[in-house]
Amino acid sequence: MGRPRRRVRVAVALLAAAAGLGACSAPPPDLPATIGCTYQYRPGAGASAGERSGTVEVLGTTGPATAPAVTELPDFRMEVVYVAAGPEGASVRIAVDDPAGEPLHHVLYQVGAGADLGSSTSHGFTGLHYVYSGPAELQFFCVADG
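Residues numbered from 1 in each chain as written. Predicted model: local features only at pLDDT ≥ 70, side-chain atom pairs only at ≥ 80, totals over all residues. Heavy atoms only, no water.

Caption draft 1: Broad picture of the pattern of salt bridges. One pass over the structure, following the stated rule, counts 5 salt bridges. Here R77 and E72 are joined by a salt bridge, their closest N and O atoms 2.9 Å apart. Judged by its relative accessible area of 27%, R77 is partly exposed. One salt bridge connects E79 with R93, and the closest N-O pair in it is separated by 4.0 Å. (Salt bridge = Lys/Arg side-chain N within 4 Å of Asp/Glu carboxyl O. Buried < 20%, exposed > 50% of the residue type's maximum accessible area, 1.4 Å probe, protein only.)

Caption draft 2: Fine view of the sheet that holds strand 8 (residues 129-133). Here 4 strands make up an open sheet; going across it, the order is 2-1-9-8 and the pairing antiparallel. Of all strands in the sheet, those with a lone pairing partner are strand 2 (52-59) and strand 8, marking the two edges. Mean inter-strand twist for the sheet, computed between neighbouring axes without regard to direction, equals 20°. The sheet contact formed by strand 1 (residues 34-42) and strand 2 spans 8 bridges and is antiparallel. Within strand 2, the position partnered with Q40 by the bridge is S53. (Pairing = 2+ DSSP bridges. Helix = DSSP H or I, 4+ residues; strand = E, 2+ residues; numbered from the N terminus. Axes fitted to C-alpha atoms, helices over the stretch in contact; angles between N-to-C directions.)

Nothing here speaks to function; it is geometry throughout.
Okay, structure coming up:
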């Protein structure tokens, strides 16, 4: 009697492993492999003292369970997730929270099949975003890398 249950458990484990492998596959050929999100942080909005800037490269993956690329700053925590193919289609999700985890700015870009994430502007497909927490300011935008 123990064998049929064990076979079911093994079959379920194999199906789960196969689903997990799909989450690591490359994005469809009509979407870029990566996107880059450029940010500029200022402890005091409009002042250059203490500012930081950088770019976060995010690899497009498939599947619903994709780990975010996280950028930790003194006044902000920014997460970027690029799902090139998932149950609800392709999307880019950007979440900016304060250090305590309170949401400040969340945005979702849903990308249709064959969509062009290329940009005709210098601020990418997202446009330039400004987020504030007290006197601190975070600017960011994302572009398709290729």
